[in-house]
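Here's the letter readout for the chains.
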Amino acid sequence: MPRLSLDDMLPLLEAPSPAALAVHRADGSVHLSPVWYRWTADRAFEVVIAPGDGKLTHLDSDRRVSLLIFEAVPPFRGVEARGVADLRTDGVGEARLAISSRYLGAAGGQALAARRGDRGVVLSLRPDSVRAWDLSELTPTLRDG
């Protein structure tokens, strides 16, 4: 199977795909959470984290993160991005609106962004390591049983 890049995966990254964020607890164990994200023009993944969320406590002691993005339907593409997160409190409202609108549509995204406002933190991940896969070659086999 050829090695895939993030550019090869743009249709997946630009869709409202399911994702999970892994952060490390102080004891080294992994805290895994479903998240919404966006892929930015400057080649970073962004996730908005609400104030008081346990992920922020874990990120205070260890900024290493992994983000897993995947499809639950054919062609079953996926990306795992790993690196060190950058956290910021500026631009939270804009990021929240953009991300929630991807998943909920314009009206739903605006309603959520208005309710949550600009409180929270934007986690930005410019991956150090990426693993990507596309199982489209197997899709006919999987459907045919």
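Summary of the structure given here. (Residues numbered from 1 in each chain as written. Predicted model: local features only at pLDDT ≥ 70, side-chain atom pairs only at ≥ 80, totals over all residues. Heavy atoms only, no water.)

Overall, the coordinates contain three aromatic pairs when judged by the stated rule. Relative to Tyr-103, the ring of Trp-36 lies with its centre 4.8 Å away and its plane at 5 degrees, an arrangement referred to as stacked. One end of the pair, Trp-36, is in the loop between β2 (30–35) and β3 (38–39); the other, Tyr-103, is in helix α3 (residues 92–116), and 67 residues separate them in sequence. Since its relative accessible area comes to 36%, Trp-36 is described here as partly exposed. Each residue in the set Tyr-37, Trp-39 and Phe-45 is aromatic and connected to the rest through ring pairs, giving one cluster. The cationic tip of Arg-102 hangs over the ring face of Tyr-37; the distance from NZ or CZ to the ring centre is 4.8 Å. (Phe/Tyr/Trp six-rings, centres within 6.5 Å; stacked < 30°, edge-to-face > 60°. Helix = DSSP H or I, 4+ residues; strand = E, 2+ residues; numbered from the N terminus. Buried < 20%, exposed > 50% of the residue type's maximum accessible area, 1.4 Å probe, protein only. Lys NZ or Arg CZ within 6 Å of the ring centre and 35° of its normal.)

Further remarks concern the environment of Pro-74. Considering the arrangement of structural elements, one finds Pro-74 in the loop between β5 (64–70) and β6 (78–84). The class of Pro-74 is partly exposed, set by a relative accessible area of 38%. Measuring from C-alpha to C-alpha, the distance between Pro-74 and Asp-134 comes to 9.2 Å, with 60 residues separating the pair along the chain.

Our next topic: unusual backbone geometry. Of note, the amide linkage connecting Pro-74 to Pro-75 takes the cis form, showing an omega dihedral of 15 degrees. Looking at where Pro-75 falls in the secondary structure, it is placed in the loop between β5 and β6. Despite not being glycine, Arg-43 shows a phi value in the positive range, around 65 degrees. Relative to the elements of secondary structure, Arg-43 occurs in the loop between β3 and β4 (45–49). Positive phi, close to 60 degrees, is recorded for Phe-76, a residue that is not glycine.

The next point concerns the pattern of salt bridges. Pairing between side chains becomes possible if they bear opposite charge and their charged atoms approach one another. Applying the stated criterion across every chain yields a total of 11 salt bridges. Its salt-bridge partner being Glu-80, residue Arg-131 comes within 3.0 Å of it at the nearest N-O pair. Linking Arg-131 in strand β9 (residues 129–133) with Glu-80 in strand β6, this pair joins segments that are 51 residues apart in sequence. Linking Asp-90 and Arg-88 is a salt bridge whose minimum nitrogen-to-oxygen distance equals 3.8 Å. Salt bridges linked by common partners bring Arg-38, Glu-46, Arg-88, Asp-90 and Glu-94 together as one network. (Salt bridge = Lys/Arg side-chain N within 4 Å of Asp/Glu carboxyl O.)

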